[in-house]
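# Secondary and tertiary structure notes
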Amino acid sequence: MKIADVINAQHEFFRFNHTKDTDFRIRQLEKLKQLISDNETTLYQAIFNDFGKSEFETYLAELSPIYHEIDLALKNIQKWSKRQRVRTDLANFPAKSYLVPEPLGSVLVIGAWNYPYHLSLIPAISALAAGNTVIIKPSELPSRTSSAMAKLINESFSADYLHIIEGGVEETTELLKYRFDKIFFTGSTAVGKIVYQAAAEHLTPVTLELGGKSPTFVFADCDLPMTAKRIVWAKFLNAGQTCVAPDYILVEKSIKDAFLQAVQHALQHYPQTPETEIDPLTGRYVQIINQHHFQRLNSLIETAQDKVHFGGNRDTDSRFISPTILQDITFNDEIMQEEIFGPILPVIAFNDLDEVIQTIKQKPRPLSCYIYSKNQKLIDKILNEISFGGGCVNDSLMHLTNGNLPFGGVGMSGFGCYHGKAGFDTFTHYKSILHKPFLSEPSLKHPPYSKWKLNLLKWFLK
Ligand code: NAD
């Protein structure tokens, strides 16, 4: 089906109110859940073929969050879709006031490659729960994953309701020429700007889920072994190709050596050389997505060769980069100029917290920030002073698994948010209604106006 035909069909489907019925939405989400569940093997295989992601990691970071999001939506659709009463002020008495949630209409979801199922389907689930029609344009980089998803969805859902359009820059550029009622984009800041500009042409509201460099503070009073374990897991999951991975470490100078040791210990079960026989079920270390990204990361390590504290092993053919720790890094190093998005962890040791905070505040606002400490004053200082999308205290990455926490960036790491109720709201317009009975009509507000009416009005509206 041509892009224009799908878009027109979705506008028409929406116009005839098919998606307004909450029972319809529930049936569709149940069907989607069943479809994914029945085809897990196909989905595992596709993503393993694309970048060696194991069944374990795929279930953990892709399918389980999708099931969770569907379940949360199914449990709450009826409640979230209800009209909400709000107080009526005295000036409007007698009346009632309420909000009428309405779906925005036809939504375009553009996904990134690093969690291809998760980043395409979770926003789509929220959009469907809120009563929209959805076109998904997944990333073209994991091509087998995107084809597997497209085949499943397009064979099971009618194109006028939920449809996947595969492709890259050309197809996305074409899609962006048309009018949507909402565009939800996950990806780089550079492409986010392109999407935002294209959306402006139709005044289409946009949510941008972008990236950035997420700082991770490690203070001397933290539980060091547990801190190292949690950081290592969050950083090297998906071989560091995670938007909310700790991008770099800021560790208090007094514990720098102990921290590096603890990190090295926490890495004991990670491979240092390419795994020759990868088990699709448990193969625990993901490949770099393609040669372009492999070469980018390779050159970052080469530039910082004298600062490699641990790891640094690479294999071009299998696009393997072992977990790599860089020490004695400063904010001026090459590695600190762009989001790393790979398994390289630079460590900056600091003495002066205020100085570090000021440096971060002059940089683009990060998507995440993590603080490892038991000192509430230090934690509050960072929470109050640094602006970032979201984060954790004494953990990394896990904030996005709590459906009650809206997930999104701020400044250059994006705007708008999703997950749970926040996702439903992202794809909903709340119509504000003042509902009056035909009881009486104050003559005060009607002409002819006079001095005494003005005085009375001022007193009344004070
Ligand atoms: P990307 O911006 O290159 O691609 C994202 C999407 O945009 C893809 O579907 C791609 O086909 C499309 N695209 C690429 N170039 C385009 C162009 N010129 N015109 C129109 N469309 C275009 O991003 P990526 O490499 O897929 O993902 C990596 C980035 O995404 C990182 O910066 C990462 O931090 C960020 N990210 C953010 C989140 C989040 O939730 N905030 C999640 C994952 C990734």
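What you see is a predicted model, and the numbers here were worked out from it, not measured in a lab. In this convention, every chain numbers its residues from 1, walking through the sequence in written order. Under the rules for a predicted model, residues below a pLDDT of 70 receive no local features and side-chain atom pairs below 80 are neither given nor counted, while totals for whole chains, interfaces and linings still include all residues. No hydrogens and no water enter the side-chain calculation; it runs on all heavy atoms of the structure.

### What about the packing of aromatic side chains?
Only rings of Phe, Tyr and Trp enter the pairing, Trp through its six-membered ring, and a pair is recorded when the two centres are within 6.5 Å. The plane angle decides the type: under 30 degrees is stacked, over 60 is edge-to-face, the rest tilted. Applying the stated criterion to the full structure yields 16 aromatic pairs. Here tyrosine 196 and phenylalanine 415 contribute two aromatic rings whose centre-to-centre distance is 5.1 Å and whose plane-to-plane angle is 55 degrees, an arrangement assigned as tilted. Here phenylalanine 415 lies in strand E17 (residues 414-415) and tyrosine 196 lies in helix H8 (residues 189-200), a separation of 219 residues in the sequence. Classification of residues uses two cut-offs on accessible area relative to the type maximum, computed with a 1.4 Å probe and protein chains only: under 20% is buried, over 50% is exposed, and between them is partly exposed. Exposure remark for tyrosine 196: the relative accessible area of 45% places this residue in the partly exposed category. Under the DSSP-based scheme used, a helix requires at least four consecutive residues in state H or I and a strand at least two consecutive residues in state E, with every element numbered from the N terminus.

### A closer look at the site of the ligand
For this purpose, a residue is taken to be near a molecule or strand whenever a single non-hydrogen atom of the residue falls within 4 Å of it. Near the ligand, the surroundings consist of 27 residues, among which Gly111, Glu140, Ser188, Leu210 and Glu339 are the closest. Polar contact is the term for a pair of N or O atoms within 3.5 Å; when the atoms are in protein, one must be able to donate a hydrogen and the other to accept it, and sequence-neighboring residues count only if both atoms are side-chain atoms. In this structure, an oxygen atom belonging to the ligand sits 2.7 Å away from a main-chain N or O atom of glycine 111. In the environment of the ligand, an oxygen atom lies 2.8 Å from a nitrogen or oxygen atom belonging to the side chain of lysine 137. Areas reported here follow the Shrake-Rupley algorithm with a probe of radius 1.4 Å; residue values treat only the protein chains shown as occluding. Summarising the interface, the protein chains cover 89% of the accessible area of the ligand, which totals 840 Å² for the free molecule.

### Observations regarding the UniProt feature "active site" (unreviewed entry) in the protein
Residues given the UniProt feature "active site" (unreviewed entry) here are Glu209. By relative accessible area, glutamate 209 is classed as buried at 3%. Once you skip the residues sitting within four places of it in the chain, glutamate 209 turns out to touch Phe184, Phe185, Thr186, Gly187, Phe407, Gly408, Gly409, Ser413, Gly416, Cys417 and Tyr418. UniProt positions are given in the numbering used here, feature names are shortened, and annotations may be inferred rather than shown by experiment. The criterion used for residue contact is that any of the two residues' heavy atoms lie within 4.5 Å.

### Description of the sheet that holds strand E1 (residues 84-86)
Whether two strands pair comes down to DSSP finding at least two bridges between them. Ordered in space as E1-E2-E18, the three strands form an open sheet in which the pairing is antiparallel. Of all strands in the sheet, those bounded by a partner on one side alone are E1 and strand E18 (428-435). Along the sheet, successive strands turn relative to each other by an average axial angle of 30 degrees, direction set aside. As paired elements, E1 and strand E2 (residues 96-103) share three bridges and run antiparallel to each other. Within E2, the position partnered with glutamine 84 by the bridge is leucine 99. Convention adopted: a line fitted to C-alpha atoms gives each axis, helices being fitted over their contacting stretch, and angles between N-to-C directions are expressed from 0 to 180 degrees.

### Some points on unusual backbone geometry
Here the bond from phenylalanine 93 into proline 94 is cis, since omega is 0 degrees, no more than 30 degrees from zero. One can find proline 94 in the loop between E1 and E2. The omega torsion of the bond from proline 447 to proline 448 falls at 5 degrees, within 30 degrees of zero and hence cis. With respect to the helices and strands, the residue proline 448 is situated in the loop between E18 and helix H15 (451-460). Positioned with a positive phi, asparagine 17 is a non-glycine residue whose angle comes to about 70 degrees. Along the chain, asparagine 17 turns up in the loop between helix H1 (3-15) and helix H2 (22-38). A residue is classified by how much of its surface remains accessible, and asparagine 17, at 43% relative accessible area, is partly exposed. With a phi angle near 50 degrees, leucine 203 is a residue other than glycine that sits in the positive phi range. Under the relative-accessibility criterion, leucine 203 is labelled exposed at 77%.

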